[in-house]
Amino acid sequence: MTELSNPIPSKPPRSQWLDVWDQFKSHRGALMGGILFLLIVATVYLGPFFWDIDATHIDIRARNQGPSWAHPFGTDQLGRDMLARMMAGGSTSVSVGLTAMMLALFLGSFIGVVAGFFKRLDGPLMRLTDLFLALPLLPLLLVMMLLFREPLNAAFGPEQGIFILIVCAIGITSWMPTARIVRGDVLAIKEREFVLAARSIGTADNKLITRHILPNVLSPIMVSATLGIATAIITESSLSFLGLGFPPDFPTWGRLLFDATDYLQQHPERVFWPGIAISLTVLSVNYLGDGLRDALDPRIRGR
Amino acid sequence: MLTFTIRRLVLSIPTLLFISLVIFLLLELAPGDPMAQVPLTVPPEVKEKMREALGLGQPAPIRFWKWLVQFFWIEPQVMIDHYFGTTFSQGDLRVISWQTRSPVMDIVIQRMPQTLWVVGTAYVVAIFIALPIGIYSAYRQYSWFDQLGTFISMVGFSVPPFFSGVLVIVIFSVQLGWFPSIYDTTHVVNSWDSFVYQLQQMIMPVMVLALQITAQLSRFMRASMLDNLNQDYVRTARAKGLSEYVVVMVHVLRNSMIPVVTVIALGIPAIFGGAIITEQVFKVNGIGQLLIGAIQANDLPMVQTLTFIFAVLIVLFNLIADVLYGILDPRIRYD
Amino acid sequence: MKLKTLLMGAIASAAVAPAAFAERGADGQVNIIYWQAPSIMNPFLSGGTKDVEAASLVIEPLARYNEVGEMVPFLASEVPSVENGGVSEDLTTITWKISPGIKWSDGTPFTSKDVKFTADYCMDPEGGCAQVTKFEGVSSVEALDDLTVKVTFAQPTPFPYGPFVGGESPIIQAAQFADCMGAKAPECTEANFAPLGTGPFVVDEFKPNDVITLSANPNFRDPAKPAFAKVLFKGGGDATAAGRAVMETGEFDYAWNLQLAPEVVARMEAAGKGTPVAGFGPLVERIMLNNTNPDPALGPDERSVIRPHPFLGDPAVYNAMSLAIDRPLLVEIGYGKAGKVTCNWVPAPAAVNSDTMTCDKQDIAAANAMLEEAGYKDTDGDGVRETPSGVPMKILYQTSTNAVRQDFQALIKQWWSEIGIESELRNLSGSVFFGGDPGSPDTFQKFYADVEMYANTFNGTDPQSYLANGLCDKAPSPASQWQGENISRFCNEEYDALHAELAKTAGAEARAEISKRLNDIIVTNGGMIPLVHRGRLSAHATSLGGVKLNVWDSELWNAADWYRIK
């Protein structure tokens, strides 16, 4: 009965997002994942300022070296410094991975929610999904490159142009599973009582989706996000082999891993670095996602 | 539900025709040349002649029409002839691959066994491992089992098969000499020993593939279980005095299956589609290798036929998934 | 112990071999792996090397090239020449005599009718025969009697060994292919997958793009051969896996064309189960210099058509670019045993290998001086030189996707940057780059770049038609649907005249002399920068005897003589 006796709140109302942040902070996995992720991002973007060997500089006399003080990660078959290449490759892979994943996630969740929620759009949107699932990936990418490479190069310059193209290519070809999964969940959730309750008090559709449906399909979206990053990083490397990606002297984690596979027996450390980097990035995003999901779940919050 | 299924099945015919048209146009537009793998020593005039002999001189609409006729009219006749000994298809031209100059469907059927053996087994193994892991991880969230499962599945998913495949070959074939590194598609299983050999040559590709699929499935299973474990109905069920096993394995599991069913339904066409990289690494030479080889050689009739078969499977299994949603959660209504 | 077995093996192969393996099929099965899988067994319907080589186990030509590039009779009793009267004095006819007693694998006799049929089959205008160049200039093929075939050419032909010689031009059986002429060729799936032959093996089962099983031909002309009863011919995967299967795990006996880093090959060899062998044909990895202007601003139909290039046509520029390249290092990194430094476009056979130029020393300073002197100076201090008219020396350097080529690109880019030429690198998927799709901007024929790197070669030992790739009128252009073999768009009157002379000259020495001069003209006038003379590297199991790596013909040319070292 304290509320009644004290009609003026003593504290300003806590916003929902502060609660979320509190919960997130106290989630050990999320915190560690977040720190790890920031560490990786900082290393790949800020590292080159402290480690000033150029990733494409060839020092042919120093080729195939193991780890040493001059080259902590060793050198590759042309004598390029692996640490510099890991950092340069990381900045490409992380940015491609994150942006492409976000694009795929946005497309997938949007189409999934809309298809699941609005019965009229379900058929056309899901047939569209079927179509995209059925299209052969390689010819599709080849056509995209053929049509858009030159205009994008002209508009944004070669590097930006290729970046946009690759992100779009990966995003557009990987949103379908997310859309199917989200739609499946939405179909079930929109029949639940709380949606009915919200609807009965006259909640508009867009509010219904953002406040009631979306938070409840967050966990499959989070899983898609973590898996999506790994897929995007690997797909980017397979684009390079086809000659559709970045120029060949441009290192990325996926490409470093692929190039090193041939030397697996001679120089195992060369596959180790990119392999571990990709895994750690994916793991950190996974824990971040776990924490975020728990923080956004009001039933767990405060437990 | 039955009317829904029938309506969807009827609707899928125009959908599939449209998909086949889009695939055809895409392949037309894509740069490439069936003569790309012919050595440079063969002069361009000869290559031009060879292209004409493949029928490339004809305009695109005619080629599309021919493919439709061959695929939907002649191929079924060939199948009937094969099973009943009739001669409907005598003299008709079937869908012919440009690489091998032989009927595409014959090669597809030839490739089926190894693809189903390897990719199919990998899927079954993965489902049997992933579901229990996902359920238990969610039930004991943040226990050491869950943490370990998370770690292994994330690393497993991050390591692409072009690397993990080579790694297991180096360990198990080169160093230990336990398993063959090259899959023998001519191997016939007719005795215990030959079955053991079949297992030996399958085990590495199955391991590599199953790791990826398990990682993916168990994550979705876990996430979905977590969503449901805190729902009110679970509390109600427990309060009713139902045993923990029944609560988790019947009530929660059933409600958590929707995303998992979706993922599995998306994966089954992939079984028939093969696993391109894994098949290449282990020389399984199944459907996946057939498709990538055909794309590289710009063997358009082959690519068109294969992708269309996948399209049929995708549409079919997505329909099955939709029907399963209705069974799993009777509140879901489509009509 | 190991040394002893090796020695024993050597002795066995040297001395005891003919006596010890006098029984057909005594050595069980041989396993061959090609990382490109054969898709058809009829080389007339597919020009792919993999298909030609697989077919060479079954069907044979009248004569072949041996491992040193000499012609040896196979189904013929001798190689016709002017001296033995087989080739007419006016060089218009060649008459082949077939060895008596040869049978097809189904037991029927092999006759001149089959030879004539093969010519008709390939020369049918509707068949789309991949080897029709072998029959270029042939006006008629006649079967004089059961064992004599006369080929008549429309013009005097100094080199009449096109038809029926080498793995690309084997004889197929008239009875089996009678209904497969012209447009019906692709419908004969059974014949195309399992042609009857005179060779050492017969096809048991052909799984396209996967695996072929063969067994010894019961009617093979030498009753003691082949030593192997079965062949398993597996295709697919990649070169690394093929090399590993032969040299590390020992599952296979022979692996074809291992394009691998020398370090990787060395490591595999150390496992001791197989040996790599290298052979050198005329294959040259080169950088083609665009003699036209590839500026994107020109539009798709004028780009790489209008001459000249802003600066690549200047001898100072291309000589400096060539001088900046350390070829021995390229060989060491990319090809090892399977590569040699070369300055020539046609480095083999030895008789036509010009020795006028040397290029095995890198000299960055001299290259810089050369550019400086010719007026290419870095006026704005950005590290990139400008031409006297102010165009910065920036080039686009493209090639196909391939680990070694990407390493070469990175190295050469660095060397060129040291002489003030900046290059942008691009790699393209081989199936697009080498495909002749006129709709794609990325084919090597269109050459929408300043320089591009790839390798090319020719079949047989006569370079005349290969040298024709430097003729003015063979330059690709929109008018020719971008077809044409003169990729660098090289154009030189002296060259064209000299090539016409070559076409009329008979006599090996005189022809070789002209060929060398043609080679020198194209290299010294900025057609290309040759980099590496590439060999073929294959590997065979240490227990497989009789392998003679042949780069002039199918690698499996002498599979009948292979045996198991015991």
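Here the structure is shown first, and the text comes after it.
About the thresholds
Residues numbered from 1 in each chain as written. Chains lettered and ligands numbered in written order. Predicted model: local features only at pLDDT ≥ 70, side-chain atom pairs only at ≥ 80, totals over all residues. Heavy atoms only, no water. Core = buried A, V, L, I, M, F, W, Y, C linked by side-chain atoms within 4.5 Å. Buried < 20%, exposed > 50% of the residue type's maximum accessible area, 1.4 Å probe, protein only. Helix = DSSP H or I, 4+ residues; strand = E, 2+ residues; numbered from the N terminus. Contact = heavy atoms within 4.5 Å. Salt bridge = Lys/Arg side-chain N within 4 Å of Asp/Glu carboxyl O. Polar contact = N/O pair within 3.5 Å; in protein donor to acceptor, adjacent residues only side chain to side chain. Pairing = 2+ DSSP bridges. Axes fitted to C-alpha atoms, helices over the stretch in contact; angles between N-to-C directions. Parallel < 35°, antiparallel > 145°, perpendicular 65-115°, else oblique. Left-handed = near helix turned anticlockwise from the far one by under 90°. Disulfide = S-S within 2.5 Å. Nonpolar A, V, L, I, M, F, W, Y, C, P; charged D, E, K, R; others polar. Buried area = accessible area lost by both parts, 1.4 Å probe.

**Student:** Would you take a moment to explain the nonpolar core for this structure?
**Tutor:** Most often, soluble globular proteins have nonpolar side chains that are buried together. Counting residues in hydrophobic clusters, the biggest one holds 107 residues, and the most contacted among them are Trp-253 of chain A together with Met-221, Met-225, Phe-282 and Tyr-325 of chain B. If one sorts the elements of this core by residue count, helix H7 (residues 192–229) of chain B sits on top with 15 residues. When neighbours within four sequence positions are excluded, Trp-253 of chain A is seen to be in contact with Ile-40, Val-44, Met-86, Gly-89, Gly-90, Ser-93, Val-94, Pro-274, Ala-277, Ile-278 and Thr-281 of chain A. Membership of the second largest hydrophobic core comes to 91 residues, among which are Val-115, Tyr-121, Phe-135 and Leu-549 of chain C.

**Student:** Whenever I open this one, the interface of chain A and chain B confuses me. Can you help?
**Tutor:** Accessible area lost on assembly of the parts is the figure often given for the size of an interface. Each partner contributes residues to the interface: chain A has 57 residues there, and chain B has 60 residues. At the boundary of chain A and chain B, one finds four salt bridges. The partner of Asp-290 of chain A in a salt bridge is Arg-222 of chain B, with the nearest N and O atoms 3.4 Å apart. Where chain A packs against chain B, one counts eight residue pairs in polar contact (both at pLDDT 80 or more).

**Student:** Can you help me understand the pairing of strand E1 (residues 29–34) of chain C in this one?
**Tutor:** Side-chain direction in a regular strand flips from residue to residue, so the side chains alternate between the two faces of the sheet. All names here are of chain C. Across the six residues that make up E1, a large majority, five, are buried. Pairing analysis gives two bridges linking E1 to strand E10 (residues 254–255), with the strands arranged parallel. Opposite Ile-33, over in E10, you have Ala-255 as the bridge partner.

**Student:** How should I be thinking about the sheet that holds strand E4 (residues 93–97) of chain C in this particular structure?
**Tutor:** Strands pair in a sheet through their backbones, by hydrogen bonds, and they do so in one of two ways: parallel or antiparallel. Residue and element names in this part refer to chain C. Spatially, E4-E6-E5 is the arrangement adopted by the three strands of the open sheet, whose pairing is antiparallel. Strands at the two margins of the open sheet, each flanked by one partner only, are E4 and strand E5 (138–145). With direction set aside, neighbouring strand axes in the sheet form an average angle of 15°. Inspection of the sheet shows E4 paired to strand E6 (residues 148–153) by five bridges, in the antiparallel sense. The residue of E6 that forms the bridge with Thr-93 is Thr-152. Where helix H3 (residues 112–123) meets the sheet, its contacts fall on E5 and E6, and the angle it forms with E5 comes to roughly 160°.

**Student:** Help me out: how do you make sense of the pairing of strand E9 (residues 230–235) of chain C in this one?
**Tutor:** All names here are of chain C. Burial analysis of E9 places five of its six residues in the buried class, the great majority of the element. Pairing between E1 and E9: six bridges, direction parallel. Within E9, the position partnered with Tyr-34 by the bridge is Gly-235.

**Student:** Could you clarify how one ought to interpret the packing of helix H11 (residues 287–296) of chain B against helix H12 (residues 300–328) of chain B in this entry?
**Tutor:** Axis angle and axis distance: for two packed helices, these are the angle between their axes and the distance between the axes, and together they describe the pair. Residues and elements named next belong to chain B. For the pair H11 and H12, interaxial distance at closest approach is 9 Å and the crossing angle is 140°. Compared by their axis directions, H11 and H12 come out oblique. Two packed elements cross with a definite hand, and for H11 against H12 that hand is left-handed. Facing H11, whose interface residues are Ile-287, Leu-290, Leu-291, Ala-294 and Ile-295, H12 presents Met-302, Val-303, Leu-306 and Phe-310.

**Student:** Explain the state of the cysteines here, please?
**Tutor:** Formally, a disulfide is one covalent bond, and it connects the sulfur atom of one cysteine to the sulfur atom of another. Residues and elements named next belong to chain C. In total, this model carries four disulfides over all chains according to the counting rule given. Residue pairing for Cys-343: its cysteine sulfur links by disulfide to Cys-359, the two sulfurs lying 2.1 Å apart. Disulfide Cys-343 to Cys-359: torsion about the S-S bond roughly -100°, handedness left-handed. One end of the pair, Cys-343, is in the loop between strand E12 (339–341) and helix H10 (364–373); the other, Cys-359, is in the loop between E12 and H10, and 16 residues separate them in sequence. Across a sulfur-sulfur distance of 1.9 Å, Cys-472 and Cys-491 are joined as a disulfide pair. Disulfide Cys-472-Cys-491: the torsion about the S-S bond is 100°, which places it as right-handed. In this pair, Cys-472 sits in the loop between helix H13 (464–467) and helix H14 (493–504) while Cys-491 sits in the loop between H13 and H14, placing the two residues 19 residues apart along the sequence.

**Student:** I tried to follow helix H9 (residues 327–335) of chain C on my own but got confused; where do I start?
**Tutor:** Among the nine residues in H9 of chain C, seven count as buried, and that is most of the element. Along H9 of chain C, the residues that are buried comprise Arg-327, Leu-329, Leu-330, Val-331, Ile-333, Gly-334 and Tyr-335 of chain C.

**Student:** Please clarify how the side chain of Ser-423 of chain C should be interpreted in this entry.
**Tutor:** Residue and element names in this part refer to chain C. Here Ser-423 shows up in strand E14 (residues 422–428). On the basis of relative accessible area, Ser-423 is assigned to the buried category, the value being 3%. Not counting chain neighbours up to four residues away, the residues in contact with Ser-423 comprise Ile-395, Tyr-397, Lys-413 and Trp-416.

**Student:** Even after reading the chapter, I still don't get the packing of H9 of chain C against helix H11 (residues 403–418) of chain C, so can you show me in this structure?
**Tutor:** Residues and elements named next belong to chain C. Running from amino to carboxyl end, H9 crosses H11 at an angle of 155°, the nearest separation of the two axes being 10 Å. On the basis of their axis angle, the class for H9 and H11 is roughly antiparallel. Crossing hand, H9 versus H11: right-handed. In this structure, H9 uses Leu-329, Leu-330, Ile-333, Gly-334 and Tyr-335 to contact H11, whose residues at the interface are Val-404, Phe-408, Leu-411, Ile-412 and Trp-415. In the contact of H9 with H11, the residues fall into nine nonpolar, one polar and no charged.

**Student:** Just to check I follow, could you spell out the interface of chain A and chain C for this structure?
**Tutor:** Taken residue by residue, the interface counts 27 residues in chain A and 28 residues in chain C. Where chain A abuts chain C, roughly 2300 Å² becomes buried across the two surfaces, and 49% of that area is made up of carbon and sulfur atoms. Counting across the chain A and chain C interface gives one salt bridge. Linking Arg-63 of chain A and Glu-332 of chain C is a salt bridge whose minimum nitrogen-to-oxygen distance equals 2.4 Å. Summed over the shared surface of chain A and chain C, the number is eight residue pairs in polar contact (both at pLDDT 80 or more). Listed by contribution, the elements that provide at least two residues to the side of chain A that touches chain C are helix H6 (137–172) and helix H10 (218–241) of chain A. Take the side of chain A that touches chain C: its biggest share by element is four residues, from H6 of chain A. In terms of residue class, the side of chain A that touches chain C is built from 11 nonpolar, nine polar and seven charged.

**Student:** What should I look at first to understand the environment of Val-246 of chain B in this one?
**Tutor:** Positionally, Val-246 of chain B belongs in helix H9 (residues 244–273). Taking the C-alpha atoms as reference points, Val-246 of chain B and Val-323 of chain B, 77 residues apart in sequence, are found 25 Å from one another.

**Student:** Help me understand unusual backbone geometry, please; the structure alone is not making it clear to me.
**Tutor:** Trans is the common state for peptide bonds, and a negative phi is the common state for residues other than glycine. Note the cis peptide between Arg-307 of chain C and Pro-308 of chain C, where omega equals -10°. Of note, Pro-308 of chain C is situated in the loop between strand E11 (274–289) and helix H8 (315–323). Across the junction of Ala-348 of chain C and Pro-349 of chain C, the peptide omega takes the value -5°, indicating a cis bond. The topology assignment puts Pro-349 of chain C in the loop between E12 and H10. Positioned with a positive phi, Asn-298 of chain B is a non-glycine residue whose angle comes to about 55°. Mapped onto the secondary structure, Asn-298 of chain B falls in the loop between H11 and H12. Judged by its relative accessible area of 11%, Asn-298 of chain B is buried.

**Student:** How should I be thinking about the pattern of salt bridges in this particular structure?
**Tutor:** Any two side chains of opposite charge can pair, on the condition that their charged atoms come close. Overall, the coordinates contain 37 salt bridges over all chains when judged by the stated rule. One salt bridge in this structure joins Arg-94 of chain B and Asp-106 of chain B, with 3.1 Å as the shortest N-O distance. Placement of Arg-94 of chain B in the loop between helix H3 (60–84) and helix H4 (104–139) and of Asp-106 of chain B in helix H4 is noted, with a sequence separation of 12 residues between them. Close ionic contact of Arg-244 of chain C with Glu-248 of chain C constitutes a salt bridge, the shortest N to O distance being 3.5 Å. By the burial criterion, Arg-244 of chain C is buried, and Glu-248 of chain C matches it. What emerges from the salt-bridge pattern is a single network uniting Asp-122, Arg-180 and Arg-183 of chain A together with Arg-8 and Asp-322 of chain B.

Purely spatial values, then, with no claim about function.
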